[in-house]
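Architecture and fold: a report
Spelled out, the chains give:
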Amino acid sequence: MDKANVTIDFFDKTNEKYIKNAAELLANSFPQAYQDSARAEMDEILGEERIAVMAVFDDMLVGFTGAIPQYGVTGWELHPLIVKPDFRGQGIGARLVEKLEEAVAARGGVVMYLGTDDEFGQTSLAGTDLFDDLYGKIQMIKNINRHPYEFYLKIGYKIVGVIPDANGFGKPDILMAKRLVRK
Ligand SMILES: CC(C)(COP(=O)(O)OP(=O)(O)OC[C@H]1O[C@@H](n2cnc3c(N)ncnc32)[C@H](O)[C@@H]1OP(=O)(O)O)[C@@H](O)C(=O)NCCC(=O)NCCS
């Protein structure tokens, strides 16, 4: 696979095959959330007011991302982001988010934010009482098993908070954000 042949573009909402590819990626990547609802979730992701971006290789969708306007047009939530497993580690995730950020900024977006769950003990924030010394623990965060927060750090996002126990005791949601335009 030559990564130069992976094209990044706005999601073609008329292409049933791409929508099906994307629903499969959702169900496979997050079975606990989308095993039975991936197709319905795709309808939300491709909704009128949202923005969605896809990566295509050889007429197959190999990744996608989306953004939801949550605070008028200024604050947008990045949701979801998935790259097909055998296409990871080649800059596709970073390219998808870059295109999404440009489109969000063009629509008046000032900040993009996201929540990235740690349900499976992938960071040092899992399995601990985050109501005790929360900020100290965020400062000392360690990536134990390829949690994606580090991907987001590399493309300019900062950890701006944590929701302790969001997914059950010791299973936090890590909140991250990036400023998209200068003041
Ligand atoms: C997270 C994900 C989208 C990254 O996509 P990708 O195409 O592999 O990412 P890129 O190749 O653009 O990576 C950019 C940089 O981040 C790093 N990176 C990517 N994933 C990482 C991870 N899980 N842990 C640590 N670093 C990571 C890469 O090594 C690369 O670093 P470099 O610039 O120093 O070479 C992909 O791994 C994925 O789909 N994961 C499953 C779904 C998921 O967790 N989505 C996020 C939910 S919030």
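Attention here is on the structure that accompanies the text. None of these values were measured; they are calculated from a predicted model.

A few points about the site of the ligand
Around the ligand there are 18 residues in total, and Arg88, Gly93, Ala94, Glu150 and Phe151 lie nearest to it. Listing elements by their share of the shell around the ligand, those giving two or more residues are β4 (75-83), α4 (92-106), β5 (111-117) and α6 (149-154). Taken together, domain 1 (1-108) and domain 2 (110-183) each give at least three residues to the shell around the ligand, which thus spans both.

Concerning the sheet that holds strand β1 (residues 7-10)
Judged by pairing direction, the sheet is mixed, and its seven strands sit side by side in the order β1-β2-β3-β4-β5-β7-β6 without closing on themselves. Edge positions in the sheet fall to β1 and β6 (158-163), since each has one partner strand and no second. Shown here is a sheet whose adjacent strand axes are inclined to one another by a mean of 25°, direction ignored. Two strands pair when backbone bridges link them, and strand β2 (residues 51-57) and strand β3 (residues 60-71) are joined in this way by seven bridges, in the antiparallel orientation. Within the sheet, the bridge partner assigned to Ala52 lies in β3 and is Gly66.

Things to note about the environment of Gly127
Among the structural elements, Gly127 can be located in the loop between β5 and α5 (134-139). We classify Gly127 as partly exposed; it has 13 C-beta atoms within 10 Å. Look past the residues within four positions of Gly127 in its chain and what remains in contact with it is Gly121 and Gly170.

Reading the values: the criteria
Residues numbered from 1 in each chain as written. Predicted model: local features only at pLDDT ≥ 70, side-chain atom pairs only at ≥ 80, totals over all residues. Near = placed C-beta within 6 Å. Helix = DSSP H or I, 4+ residues; strand = E, 2+ residues; numbered from the N terminus. Domains from an automatic or database assignment. Pairing = 2+ DSSP bridges. Axes fitted to C-alpha atoms, helices over the stretch in contact; angles between N-to-C directions. Buried ≥ 20, exposed ≤ 12 C-beta atoms within 10 Å, placed from the backbone. Contact = placed C-beta atoms within 7 Å.

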